[in-house]
Amino acid sequence: MSEKKSLIKNTSIYALGDIIPRLLSFISLPILTAYLSPSDYGIVNYVNTLSTFLLALGFLSINTYYMVFYYRCENSQEQKKLLGNLSSFVILFNAVLVIILLLFGKYFFGALGSKIAFYPFIIIGVFTNFFNIFSVLPASLYRLLERPLPLTILRIFEGVITLIISLVLVIYFHYTALGVLYATLAVNFIYAFIFLYITRKHIIWNLNFKQIKVVLAFTLPLVPGAIAYYVTNISDRILIDKYLNLNDLGIYSTAATIALILNIFSFGAYRAFEPYIFKNWGTKDFMRIFEDIRNSFVYVLLIGVLCLSMFSKEFFQIMTNVKFYHAYWYVPMIIIGVYSSSLSMLYGTIITAKGKTKINSVVSITGATISIVFNIVFLPRFGLITAALVSSFAMTVMLFISIWYAELKISHSKPIFSLLLVGTSIYTMVYAVPIDNMLFSIVLKSIVSIFVIIGISVILAINPLKLIRDFVKK
């Protein structure tokens, strides 16, 4: 198999490993919302988001060092020692982090004004994160070994098993929020041992503090940017918990879950386009190639934005409990930020290709600052609408900074006009012209959506059938 075909194959397999678990989460939404209250759903989303943040904090970007320096080791023995040393340090560091949180976490979250009980909810998230760290370096190892299939199969089974256990605990044992959290904790606990087992032939356990000093000198400058990125995504939920109530947190989290489905579209498309960008970087036709890729990416994103926003009300009415119906109102507001963050990936690739990786940290820190400050100032006064709009505003500012530093001399008029067309259509059909009859609403919105898609196809000069064929081929 040629190098190009191998790259495309591996990229596609990795994408499936990321996309399918997200689809499973989406599939479980109608079932869980039937058995969970908005408060329960808010607790689950808060704890899961917190676990993701703790993972970034507890790993100190060490997996980046491992990916960069694995092939710089002199032999396989040194590669095994590197994995063993990094794994030992990460486990030790996170064990200390768990102890600190056990001792002082209750007071820390109390100072934040959290309404979620530290015991048992947040402490479950702490332990879930601890067991999750066992999978990160082994996952990086399998990427380095170019063996994506075993990793993808494990990820898919992890998502399926977590879903099944969650539904059993919630539906049959009535554990509500605790059922979902216990399921995630149990599966991460089991998978920690699975990853230890499958990497046993690739690791020599040791703890070399001299090497760890070198590692931290490389990774610590990357940490502020990584932490800031997650702060941008978690701060709205923390501040909703502080200034509003758990019911509001649940409504917001549900709306965000629908909006974040766009990531499934964007991540799959980006995975297909990313190798092509790096392959053509520096060629004389790169600007034209990138503009074509950008327009195609924008086209895919805008169709996702249009469909998810336009039919969000009907989705909630058909698929969720009545307690969640009005969550649809926030979906279009939140999805603007998802669109901006997805497009930022494309320009971030150019910044990385130019070697200006510190700019990505600056972008993340800027977004985190905007998110925290604006939510603190406006959230207590204006409620959930603040969280939705501030999140999108922060992500859009981050996009503009990325475009600025990418320094590409290409036109931005087509994406702007396309976005205006989609945005105007969504505002009109979702907010300006409310329709009570569901069937009539679906028919009318479908007709409008078809015309809008035709419109952005013309503006962006995209042939939808050709785009699908090229995407499948890549």
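The structure this text deals with has already been given above.
Residues numbered from 1 in each chain as written. Predicted model: local features only at pLDDT ≥ 70, side-chain atom pairs only at ≥ 80, totals over all residues. Heavy atoms only, no water.

A. Representation of helix H10 (residues 223-243) within the structure. The end-to-end C-alpha distance of H10 is 28 Å, a good match for the 30 Å that 21 residues give at a rise of 1.5 Å each. For H10, the principal kink sits at Ile234 and spans about 40 degrees. (Helix = DSSP H or I, 4+ residues; strand = E, 2+ residues; numbered from the N terminus. Expected span 1.5 Å × (residues − 1). Bend = angle between axes of the 7 residues up to and from the residue.)

B. Seen up close, helix H5 (residues 118-132). The end-to-end C-alpha distance of H5, which contains 15 residues, comes to 20 Å, matching closely the 21 Å that a straight helix rising 1.5 Å per residue would cover. Within H5, 11 of the 15 residues are buried, leaving the element largely enclosed by the surrounding structure. If you check which residues of H5 are buried, you get Phe118, Phe121, Ile122, Ile123, Ile124, Gly125, Val126, Thr128, Asn129, Phe130 and Phe131. (Buried < 20%, exposed > 50% of the residue type's maximum accessible area, 1.4 Å probe, protein only.)

C. Spatial organisation of the nonpolar core. One finds Tyr66, Leu86, Phe290, Leu343 and Tyr347 to be the most contacted residues of the largest nonpolar core, which totals 141 residues. In terms of residue count, the dominant contributor to this core is helix H13 (residues 286-310) (13 residues). (Core = buried A, V, L, I, M, F, W, Y, C linked by side-chain atoms within 4.5 Å.)

D. Focus on the side chain of Ser342. Position of Ser342 among the secondary structure elements: in helix H15 (residues 331-353). In this structure the side chain of Ser342 is engaged in a polar contact, spanning 3.2 Å, whose partner is the side chain of Ser266. One polar contact links the side chain of Ser342 to the main-chain carbonyl oxygen of Val338, over a distance of 2.8 Å. Dropping the residues within four chain positions of it, Ser342 is found in contact with Asn263, Ser266, Phe297 and Leu301. (Polar contact = N/O pair within 3.5 Å; in protein donor to acceptor, adjacent residues only side chain to side chain. Contact = heavy atoms within 4.5 Å.)

E. Inspection of the environment of Asp436 at higher detail. Note that Asp436 resides in the loop between helix H18 (413-432) and helix H19 (438-459). In this structure Asp436 comes out as exposed when scored by relative accessible area, which is 78%. Each C-alpha atom of the pair Asp436 and Thr64 lies 51 Å from the other, and the pair is 372 residues apart in sequence.

F. The packing of aromatic side chains, seen in detail. Following the criterion strictly, the structure yields 27 aromatic pairs and no others. An angle of 85 degrees between the planes, with centres 5.1 Å apart, marks the rings of Trp281 and Phe286 as edge-to-face. A network of ring pairs unites the aromatic residues Phe130, Phe131, Phe134, Phe189 and Phe193 as a single cluster. The side chain of Arg72 reaches across the aromatic face of Phe69, ending 4.6 Å from its centre. Its guanidinium or amino end placed over the ring of Tyr243, Lys242 lies 5.5 Å from that ring's centre, counting from NZ or CZ. (Phe/Tyr/Trp six-rings, centres within 6.5 Å; stacked < 30°, edge-to-face > 60°. Lys NZ or Arg CZ within 6 Å of the ring centre and 35° of its normal.)

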